[in-house]
Amino acid sequence: MAKIVGVHGIAQEFRGSNTISAEWLPSLKDGLKLAGTELQSDTDFRCAFYGDIFRGKSKAIGIPNYDVNDIDSDWEKELLQLWWQETEQVENNHPNADSLLREKSTPKIIQRALSGLSESRFFGSIAEKLVISYLKQVGSYLHDRKLKQQIQERVIKCIDEEDPRVLVAHSLGSIVCYETLCQHPEWPIKVFVTLGSPLGIRQLIFDRLQPSPRNNLGRWPGNVERWVNIADDGDVVALTKQLNPLFEGTVEDKLVYNGCEAHDAKSYLTAVETGEAIRSGLID
């Protein structure tokens, strides 16, 4: 049985559990090596996969041809503007980046935000339709109860089969795993590691978590002994780098530097801080 289970984030719909495991495993092993230990066997690591749930059943090739008119909810508009604001601050040192959020969400402002993000270093100059697709995947998980259940069932099945000690979750996967851990306090997971997590975004994500925060504090995730949250200071998705003030118990917040790929899962996994966190869960 795998001692470590990894859970991916957005934009993985055209991959699979074996593909992601093959990408993550070398990076995870490098992070562990920096932390002074080694994985005893490659079978000690497994990925829970849910990306295909977002793949859809249409005959269209690839990502739908989204444009600005498909950003049709206030939630999507607000998160888009938050990403844009953070990108301007991180990449361009925009002196008035906060004012971007005070501008009314007109179609013109939304188009500016979308264009700015698609041309940013963080998003790697991807097409605007991909930025919109990312938005919609996060929003769908939070707002579509049936889809949320389908995704959580994938994680539950993997954890029940593997009985792991460590759960490593990236990006949207950290939201999925947090909510699922809260539902399963019987799981023997010792260490929960979140990478590039958007869990701390107030109003849009944090306040919509299930179970709901109480007294402005998020619940501790199940029976986890240790929660280590790792973020790159330039990671636009992980808007709130410090989760400890927002959750019950003690979340160990650590900052790392991932270079030009601030949100990349593999870059996070090679960090010694990640290796040390995972290592602590493997010690008997």
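The structure under discussion appears in the preceding block.
The rules behind these values
- Residues numbered from 1 in each chain as written.
- Predicted model: local features only at pLDDT ≥ 70, side-chain atom pairs only at ≥ 80, totals over all residues.
- Heavy atoms only, no water.
- Helix = DSSP H or I, 4+ residues; strand = E, 2+ residues; numbered from the N terminus.
- Core = buried A, V, L, I, M, F, W, Y, C linked by side-chain atoms within 4.5 Å.
- Buried < 20%, exposed > 50% of the residue type's maximum accessible area, 1.4 Å probe, protein only.
- Contact = heavy atoms within 4.5 Å.
- Salt bridge = Lys/Arg side-chain N within 4 Å of Asp/Glu carboxyl O.
- Pairing = 2+ DSSP bridges.
- Axes fitted to C-alpha atoms, helices over the stretch in contact; angles between N-to-C directions.
- Parallel < 35°, antiparallel > 145°, perpendicular 65-115°, else oblique.
- Nonpolar A, V, L, I, M, F, W, Y, C, P; charged D, E, K, R; others polar.

Participant: Tell me about the environment of Val 131, and please be specific about residues and values.
Facilitator: By secondary structure assignment, the location of Val 131 is in helix 4 (residues 128-143). Through-space distance from the C-alpha of Val 131 to that of Leu 80 is 8.7 Å; in sequence the pair is 51 residues apart.

Participant: Before we move on, could you go through the nonpolar core and cite the residues and values that matter?
Facilitator: In this structure, Val 7, Leu 80, Leu 167, Phe 192, Ile 205, Trp 227 and Phe 247 are the most contacted members of the largest nonpolar core, which totals 62 residues. Residue assignment for this core shows that the elements contributing at least two residues are strand 1 (4-7), helix 2 (74-92), helix 3 (107-118), helix 4, helix 5 (145-162), strand 3 (166-170) and helix 6 (172-183). The residues contacting Leu 167, other than those within four sequence positions of it, are Val 5, Val 7, Ile 159, Cys 177, Leu 181, Ile 189, Val 191, Phe 192 and Val 193. If you look at the next biggest cluster of nonpolar residues, it comprises 27 residues, including Trp 24, Leu 28, Ala 265 and Ala 271.

Participant: Before we move on, can you summarise unusual backbone geometry with the specific residues and values?
Facilitator: Following Gln 210, the chain continues into Pro 211 via a peptide bond in cis, with omega recorded as 5 degrees. As for its placement among the helices and strands, Pro 211 is situated in the loop between strand 4 (191-195) and strand 5 (226-232). Residue Ser 171 is not a glycine yet carries a positive backbone phi of 55 degrees. With respect to the helices and strands, Ser 171 occurs in the loop between strand 3 and helix 6. Located in the positive-phi region is Asn 215, a residue other than glycine, with phi close to 55 degrees. With respect to the helices and strands, the residue Asn 215 is situated in the loop between strand 4 and strand 5. By relative accessible area, Asn 215 is classed as exposed at 75%.

Participant: Could you give an account of the pattern of salt bridges, with specific residues and numbers?
Facilitator: Enumeration over the complete set of coordinates arrives at 14 salt bridges. We note a salt bridge from Arg 46 to Glu 161, for which the minimum N-O separation is 2.9 Å. Highlighted residues: Arg 46 in strand 2 (residues 45-48) and Glu 161 in helix 5, separated in sequence by 115 residues. A salt bridge links Asp 264 to Lys 266, with the shortest nitrogen-to-oxygen separation between them at 3.4 Å. Through salt bridges with shared partners, a single network forms among Arg 46, Lys 157, Glu 161 and Glu 162.

Participant: How would you summarise the pairing of strand 1 if you had to cite specific residues and measurements?
Facilitator: In strand 1, alternate side chains face the same way, and those of Ile 4 and Gly 6 on one face and Val 5 and Val 7 on the other are all buried. Two strands pair when backbone bridges link them, and strand 1 and strand 2 are joined in this way by four bridges, in the parallel orientation. Looking at strand 2, one finds that Val 7 is bridged to Ala 48.

Participant: Tell me what's going on with the packing of helix 4 against helix 6, and back it up with residues and numbers.
Facilitator: Two numbers describe how helix 4 lies on helix 6: the axes approach to 10 Å, and their chain directions differ by 10 degrees. Here helix 4 lies roughly parallel to helix 6, going by the angle between them. Taking contact as the criterion, the partners of Gln 137, Val 138, Tyr 141 and Leu 142 in helix 4 are, on helix 6, Leu 172, Ile 175, Val 176 and Glu 179. For the contact of helix 4 with helix 6, a count of residues per class yields six nonpolar, one polar and one charged.

Participant: Please set out the sheet that holds strand 5 residue by residue, giving values where relevant.
Facilitator: Taken together, six strands build an open sheet; the order of strands is 2-1-3-4-5-6 and the sheet is parallel. The sheet terminates laterally at strand 2 and strand 6 (251-256), the two strands that pair on one side only. Across the sheet, the mean angle separating the axes of adjacent strands is 20 degrees when strand polarity is ignored. The sheet contact formed by strand 4 and strand 5 spans five bridges and is parallel. Looking at the pairing, Phe 192 lines up with Trp 227 of strand 5. Along the sheet face, helix 5 touches strand 1, strand 2 and strand 3 and points at about 155 degrees away from the line of strand 2. Sitting on the sheet, helix 6 touches strand 1, strand 3, strand 4 and strand 5, and the angle it makes with strand 3 is about 140 degrees.

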